[in-house]
Amino acid sequence: MSARLTPLPMTTIVTTDLIGITRGRSFPTDELEHYQAPGCGWVPANSALTPQDSIASTSPWGAYGDLRLIPDLGSRVTVSNGPDVNAPPLDFIHGDLRETDGRPFGACPRTLLRDEVERYRDDLGLQVNAAFEHEFNLHADLAEPPAFSLEAQRQGAEFGGWLLSALRAGGVEPEMFLPEYGKHQFEITCRPALGVAAADRAVNVREIAREIARQMGLDLSFAPKTAADAMCNGVHLHVSLLDLDGQPMLYDAGTSNGLSSLGQHWAAGILHYLPALCAITAPTPLSYERLQPNHWSASYACLGQQNREAALRICPTSTLGGKAVAKQFNLEFRAMDATASPHLAMAALLIAGRLGIEQRLALNAITNEIPDSLNDEQRQARGIVALPASLAQALDCLRDSAALNEWLPKPLLDSYYALKTEELALTEQLSIAELCEHYARVY
Ligand code: GLU
Ligand code: MG
């Protein structure tokens, strides 16, 4: 009699692409060594996939060409079990796309981020410490408890408990699971990580949350808006810059808002390039239903202190708990949602901030007022510009930004423009309710 079969555990090498979708190929876990150096095969045209699952017809890639997806072993995530005892273990490793001869592939967002993090280290003597906060909708049952309530927390508690446990097992260092303002809306935060690991961690949060939801039979979505009357889901990126010894560099106790002169130039760079950055951080037609006044997201390029209507926010620090203010001090970028690629979005922000430092840009657009309550003249006097009102406008701003076009690799931009143009055409007939439903299914 032959031995009884059991399913083989599989490990997946993944790449999270230009539209923030994680894709990959799996092999038997006991053959990992075999895939370590050469990675697995990959197809360049995958870089031009739209959220509608079409390969953009005007992309630089066709039926030809082959790549390797090389695992970065230190980024491995293993979660051996979850609420469904029969579910196979979740085991994946982030990878970098390379040509078959080992040269980097120009449209790999993880490679772009690594290159930029290295530029911070080599040219500026800085390390980047960052954390992504995620909001999402979890349709557990029909009850609609009050916002932020314990009842809402209890509604999501079983999912939340499994999520925290699985995140810990996956090395993600979760912080808080909390009910949000919207119905069935929750938020998960995790501790910051250095460089590329911060963006990997954002992917890990999304994929582990999806895994737990799948195992529990729950409907989960990170889309910026899941129904026409729903509260929006944001992704907020908290950034601090450290010197090579790990000392925080954004804070200076001697300035009025605590921002060091380095921090001011960095923030000025983000705000200067923000209309163009939106094409990358708020990259779907639906993103612009969120980037509106009075949504606590962002609709103008300005910096605010503890101001949730500002695109860039100086986060609160506390005198309680004994942690030095400089170590708590960080900037929060709010004009982002989960339809963005964490690696690409973080890389683009870092490029903008670096240009702000290198060009010694002055920080003007500061306000603690609600930017939408100012009139045009007041905004103009403060240098506060409106963010694009649509993806098409944001893409035009990106096309017009010579500096960003110089620093983003051409193969990546060509793929991006091609797929975003196709995405706009494929979704232009959809009503807002249909857009919400459509993107809620994809993200
Ligand atoms: N839901 C808001 C957003 O779309 C953020 C609310 C908050 O400040 O937590 O970004
Ligand atoms: Mg929140």
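Residues numbered from 1 in each chain as written. Chains lettered and ligands numbered in written order. Predicted model: local features only at pLDDT ≥ 70, side-chain atom pairs only at ≥ 80, totals over all residues. Heavy atoms only, no water.

## Some points on the overall build of the protein chain
Looking only at helices and strands, one finds 14 helices and 17 strands in the protein chain. The globule rule puts the C-alpha radius of gyration for 443 residues at 22 Å, and the 21 Å found for the protein chain is close to it. If one aligns the C-alpha atoms of the protein chain with their principal axes, the spans along those axes are about 85 × 55 × 50 Å. A buried classification covers 56% of the 443 residues belonging to the protein chain. (Helix = DSSP H or I, 4+ residues; strand = E, 2+ residues; numbered from the N terminus. Rg over C-alpha atoms; globule rule 2.2 N^0.38 Å. Buried < 20%, exposed > 50% of the residue type's maximum accessible area, 1.4 Å probe, protein only.)

## Notes on the coordination of the magnesium ion (ligand 2)
At 2.0 to 2.1 Å from the magnesium ion (ligand 2) lie its protein donor atoms, namely E135 (OE), E180 (OE) and E187 (OE). Each donor residue of the magnesium ion (ligand 2) lies on the same chain, and together they follow the pattern E-x44-E-x6-E. Taking relative accessible area as the criterion, E180 reaches 14% and is therefore assigned buried. (Donors = N, O, S within 2.8 Å, 3.2 Å for Na, K, Ca; no water.)

## A look at the packing of helix α11 (residues 391-400) against helix α13 (residues 410-427)
Contact geometry for α11 and α13: axes closest at 11 Å, N-to-C directions at 160°. Comparing the axis directions of α11 and α13 gives the class roughly antiparallel. Note that α11 runs across α13; the crossing there is left-handed. Only L413, Y416, Y417, K420, T421 and L424 of α13 make contact with α11, whose side of the interface consists of L391, A392, L395, L398 and R399. (Axes fitted to C-alpha atoms, helices over the stretch in contact; angles between N-to-C directions. Parallel < 35°, antiparallel > 145°, perpendicular 65-115°, else oblique. Left-handed = near helix turned anticlockwise from the far one by under 90°. Contact = heavy atoms within 4.5 Å.)

## So, the environment of M231
Turning to its location among the elements, M231 is positioned in the loop between β11 (219-221) and β12 (235-243). Of the residues examined, M231 reaches a relative accessible area of 37% and is grouped as partly exposed. Considering only alpha carbons, one finds M231 and R201, 30 residues apart in sequence, at a separation of 25 Å.

## Focus on the pattern of salt bridges
Counted according to the given criterion, the structure contains 24 salt bridges. The shortest N-O distance in the salt bridge between R191 and E175 comes to 3.9 Å. One end of the pair, R191, is in the loop between β9 (185-190) and β10 (193-194); the other, E175, is in strand β8 (residues 174-179), with 16 residues separating them in the sequence. Here the salt bridges do not stand alone but share partners, grouping D72, D96, R110, R114 and D200 into one network. (Salt bridge = Lys/Arg side-chain N within 4 Å of Asp/Glu carboxyl O.)

## What to know about the site of ligand 1
Lining the immediate environment of ligand 1, one finds E135, E180, E187, C232, N233, G234, H236, R290, H295, W296, R308 and R334. Between ligand 1 and C232, the relevant distance is 2.9 Å, taken from a nitrogen atom to a main-chain nitrogen or oxygen of the residue. Taking H236, its side chain carries an N or O atom lying 2.8 Å from an oxygen atom of ligand 1. Computed on the free molecule, ligand 1 has an accessible area of 300 Å², of which 88% lies beneath the protein chains in the complex. In terms of residue class, the shell around ligand 1 is built from 2 nonpolar, 4 polar and 6 charged. (Near = heavy atom within 4 Å. Polar contact = N/O pair within 3.5 Å; in protein donor to acceptor, adjacent residues only side chain to side chain. Areas by Shrake-Rupley, 256 points an atom, 1.4 Å probe, with all protein chains shown as cover. Nonpolar A, V, L, I, M, F, W, Y, C, P; charged D, E, K, R; others polar.)

## Regarding unusual backbone geometry
Notably, E173 is not glycine yet its phi reads approximately 55°, a positive angle. Secondary-structure assignment places E173 in the loop between α4 (157-169) and β8. The phi torsion at R360 lies on the positive side, around 45°, for a residue other than glycine. Secondary-structure assignment places R360 in the loop between α9 (342-358) and α10 (376-382).

## Considering the side chain of S221
Following the sequence through the fold, S221 ends up in strand β11. When its relative accessible area of 5% is taken as the criterion, S221 is described as buried. Looking at S221, its side chain comes within polar contact range of the main-chain oxygen of A440, at 3.2 Å. Setting aside its immediate chain neighbours within four residues, S221 contacts F136, N137, T226, N233, A440 and Y443.

## As for the UniProt feature "domain: GS catalytic" (unreviewed entry) in the protein chain
In this numbering, the UniProt entry assigns the feature "domain: GS catalytic" (unreviewed entry) to residues 109-443. Helix makes up 46% of residues 109-443 and strand 16%, whereas the separation of the span's terminal C-alpha atoms amounts to 18 Å. (UniProt positions renumbered as here; feature names shortened; annotations may be inferred.)

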